[in-house]
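The lines below spell out each chain.
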Amino acid sequence: MPECVFCAIAAGEAAATRVLETARTVAFRDINPQAPSHVLVIPKAHHRDVAALAEVDGGLLAEVLAQAHAVAQADGIARTGYRVVFNTGNHAGQTVPHVHAHVLGGKRMGWPPWPPA
Ligand code: AMP
Ligand code: ZN
């Protein structure tokens, strides 16, 4: 089993509720949903965060974003609207160091998404 939990999910070695899959990406439901629809889209290849992925494979990053929209369509939130979030690094509160797009929708979300300081 890979040390990285999202690599393990990508390899089918850890359980996840999969929504969509392509040759280079997987989408699965967040285990601790913050909205009625909360799906994570990852590249199967391990990259630390969206900055690292953008530096080495912008095409794969575009695939992740295209899948985020495909997830929104599959979950029926594309018309009402949704949010795509890449937490990146410490100040953003990134907890899993394998790049993932959060796709959130199904309710009206506040702005800003963090409590005022
Ligand atoms: P972040 O804080 O942006 O790194 O988000 C990591 C997200 O991954 C959190 O929303 C977690 O609930 C979610 N998560 C962690 N482990 C799993 C897992 N095994 N399956 C599904 N979601 C997970
Ligand atoms: Zn990984």
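As the structure is a prediction and not an experimental result, all values here were calculated from the model.

Conventions we followed
- Residues numbered from 1 in each chain as written.
- Chains lettered and ligands numbered in written order.
- Predicted model: local features only at pLDDT ≥ 70, side-chain atom pairs only at ≥ 80, totals over all residues.
- Heavy atoms only, no water.
- Helix = DSSP H or I, 4+ residues; strand = E, 2+ residues; numbered from the N terminus.
- Expected span 1.5 Å × (residues − 1).
- Buried < 20%, exposed > 50% of the residue type's maximum accessible area, 1.4 Å probe, protein only.
- Arc of directions from axis to C-beta.
- Contact = heavy atoms within 4.5 Å.
- Donors = N, O, S within 2.8 Å, 3.2 Å for Na, K, Ca; no water.
- Salt bridge = Lys/Arg side-chain N within 4 Å of Asp/Glu carboxyl O.

1. Considering helix α3 (residues 58–74)
Thought 1: The end-to-end C-alpha distance of α3 is 24 Å, a good match for the 24 Å that 17 residues give at a rise of 1.5 Å each.
Thought 2: Within α3, burial applies to L60, L61, V64, Q67, A68, V71 and A72. Take α3 and look down its axis: the buried residues cluster within an arc of 145°, on one side only.
Thought 3: As for α3, its buried residues are in contact with β1 (18–21), β2 (25–29), β3 (37–43), α2 (50–56), β4 (82–85) and β5 (101–105).
Thought 4: Where α3 terminates, the next one or two residues include G76, which has phi positive at roughly 75°.

2. Some remarks on the coordination of the zinc ion (ligand 2)
Thought 1: Looking at the zinc ion (ligand 2), one finds its protein donor set to be C4 (SG), C7 (SG), H46 (ND1) and H98 (ND1), positioned 2.0 to 2.3 Å from the metal centre.
Thought 2: Mapping the donors of the zinc ion (ligand 2) onto the primary sequence yields the spacing C-x2-C-x38-H-x51-H. Residue C4 is located in the segment before α1 (5–10), and its partner H46 is located in the loop between β3 and α2; the two are separated by 42 residues in the primary sequence.
Thought 3: We classify C4 as buried; its relative accessible area is 17%.

3. Focus on the pattern of salt bridges
Thought 1: As enumerated under the stated definition, the model contains six salt bridges in all.
Thought 2: Here R24 ties to D57 by a salt bridge, and the two come within 3.2 Å at their closest N and O atoms. Here R24 is found in the loop between β1 and β2, whereas its partner D57 is found in the loop between α2 and α3, with 33 residues between them in sequence.
Thought 3: By relative accessible area, R24 is classed as partly exposed at 34%.
Thought 4: A relative accessible area of 23% means that D57 is categorised as partly exposed.
Thought 5: A cluster of three or more residues bridged by salt bridges with shared partners is formed by R18, E21 and K44.

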